[in-house]
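One letter stands for each residue in the lines below.
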Amino acid sequence: MIPHNPCAEAKLPSVPRKKVVPLAVEQVRTLSEEMPARYKGLVLLGAATGLRPGELFGLQLRHMDLLHATVSVEQQIQQTAKHGVYVCPPKTARSHRTVPLPRMAVDAMKAHLRDFPADGPEGWIFTAPQGGPVVYTHFMDGSWRPACAKAGIPKGTGPHALRHHYASLLIKHGESVKTVSERLGHTNAAMTLNIYTHLWPDSEERTRAAVDKAYADQSADTQSQVDEAA
């Protein structure tokens with residue numbers, strides 16, 4: 001109705017981002033123990049790979065290579081009011097990835113597949129109690145929230161917390177921003193920093209030491225020149 005947008009030059013105030021507080025290892029272990037048997041491995045795999053909930057639900061046996069200890073993310077399961085439950089590609093192009101499996105994840109998956117074997121290469125690794133893929137809302141109401149309550153996990157904590165837990169472990173053990181970004185399937189490293197920058201170790205002392213060393217080296221060279229001249 002009007003030739004221009006009167007809001008085009010308006011600058012919205014920034015919304016402060018709430019800092020991520022990752023779950024501790026013991027919290028994840030306790031949560032896994034409180035989950036129904038069919039989802040214990042899902043919790044451990046999420047904590048060991050950082051896969052999004054939909055990516056975990058979308059895993060089929062063909063995506064899991066226990067011999068070479070890797071898992072491939074090629075699809076996810078989503079749920080919307082319009083389309084119901086459906087299989088779709090991962091969130092972004094960068095979300096297509098292969099993630100290394102630590103030993104604890106390999107062991108967890110072997111135990112899970114022994115108790116809940118997949119129905120061939122196309123079979124779902126994690127299934128609903130009545131069969132078929134896991135439905136997010138049913139999983140949350142029937143399994144996740146009750147297990148969190150029993151494990152003493154703060155109310156409102158969702159499965160995405162396993163992804164944050166994984167990222168925090170990589171950061172704690174010295175992985176680069178690039179590696180963390182690739183493992184999580186983020187669009188770019190800037191996104192990773194935007195979410196997790198507060199988890200990287202503080203570098204104040206290293207900064208001071210770097211400058212002091214440079215000037216100490218310079219002073220040593222100057223003193224050496226003075227000594228030689230004398």
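Structure first, text after, so check above.
Definitions and cut-offs
- Residues numbered from 1 in each chain as written.
- Predicted model: local features only at pLDDT ≥ 70, side-chain atom pairs only at ≥ 80, totals over all residues.
- Heavy atoms only, no water.
- Helix = DSSP H or I, 4+ residues; strand = E, 2+ residues; numbered from the N terminus.
- Rg over C-alpha atoms; globule rule 2.2 N^0.38 Å.
- Buried < 20%, exposed > 50% of the residue type's maximum accessible area, 1.4 Å probe, protein only.
- Contact = heavy atoms within 4.5 Å.
- Areas by Shrake-Rupley, 256 points an atom, 1.4 Å probe, with all protein chains shown as cover.
- Lys, Arg positive; Asp, Glu negative; His and termini not counted.
- Charge placed at Lys NZ, Arg CZ, Asp CG, Glu CD.
- Pairing = 2+ DSSP bridges.
- Phe/Tyr/Trp six-rings, centres within 6.5 Å; stacked < 30°, edge-to-face > 60°.

**What to know about the overall build of the protein**
Inference 1: The number of helices and strands found in the protein is nine helices and five strands.
Inference 2: Going from the N terminus to the C terminus, the protein shows its helices and strands as α-α-α-β-β-β-β-β-α-α-α-α-α-α.
Inference 3: The C-alpha radius of gyration computed for the protein amounts to 24 Å, which surpasses the reference 17 Å derived for 230 residues by more than 25%, pointing to a less compact arrangement than a globule.
Inference 4: Principal-axis analysis of the C-alpha atoms places the extent of the protein at approximately 90 × 65 × 35 Å.
Inference 5: Buried positions account for 37% of the 230 residues belonging to the protein.
Inference 6: Sequence-distant contacts in the protein: of pairs separated by 6 or more residues, those separated by 24 or more amount to 61%.
Inference 7: Carbon together with sulfur atoms contributes 57% to the accessible area of the protein, which is approximately 14000 Å² in total.
Inference 8: Between the averaged position of the 26 positive side-chain charges in the protein and that of its 22 negative side-chain charges there is a distance of 10 Å.

**Side note on the sheet that holds strand 5 (residues 97-100)**
Inference 1: Taken in spatial order, the three strands of this open sheet run 1-2-5, and their pairing is antiparallel. On the outer flanks of this sheet lie strand 1 (64-65) and strand 5, each paired with one strand and no other.

**Some details on the packing of aromatic side chains**
Inference 1: Enumeration over the complete set of coordinates arrives at four aromatic pairs.
Inference 2: Following the ring pairs from residue to residue traces out a cluster consisting of Y39, F57, Y136, F139 and W144.

**Side note on helix 7 (residues 177-184)**
Inference 1: Within helix 7, the full set of buried residues consists of T179, V180, S181 and L184.
Inference 2: Residues of helix 7 that are buried sit in contact with strand 5, helix 6 (160-172) and helix 8 (189-196).
Inference 3: Two residues or fewer after helix 7 comes G185, characterised by a positive phi angle close to 75 degrees.

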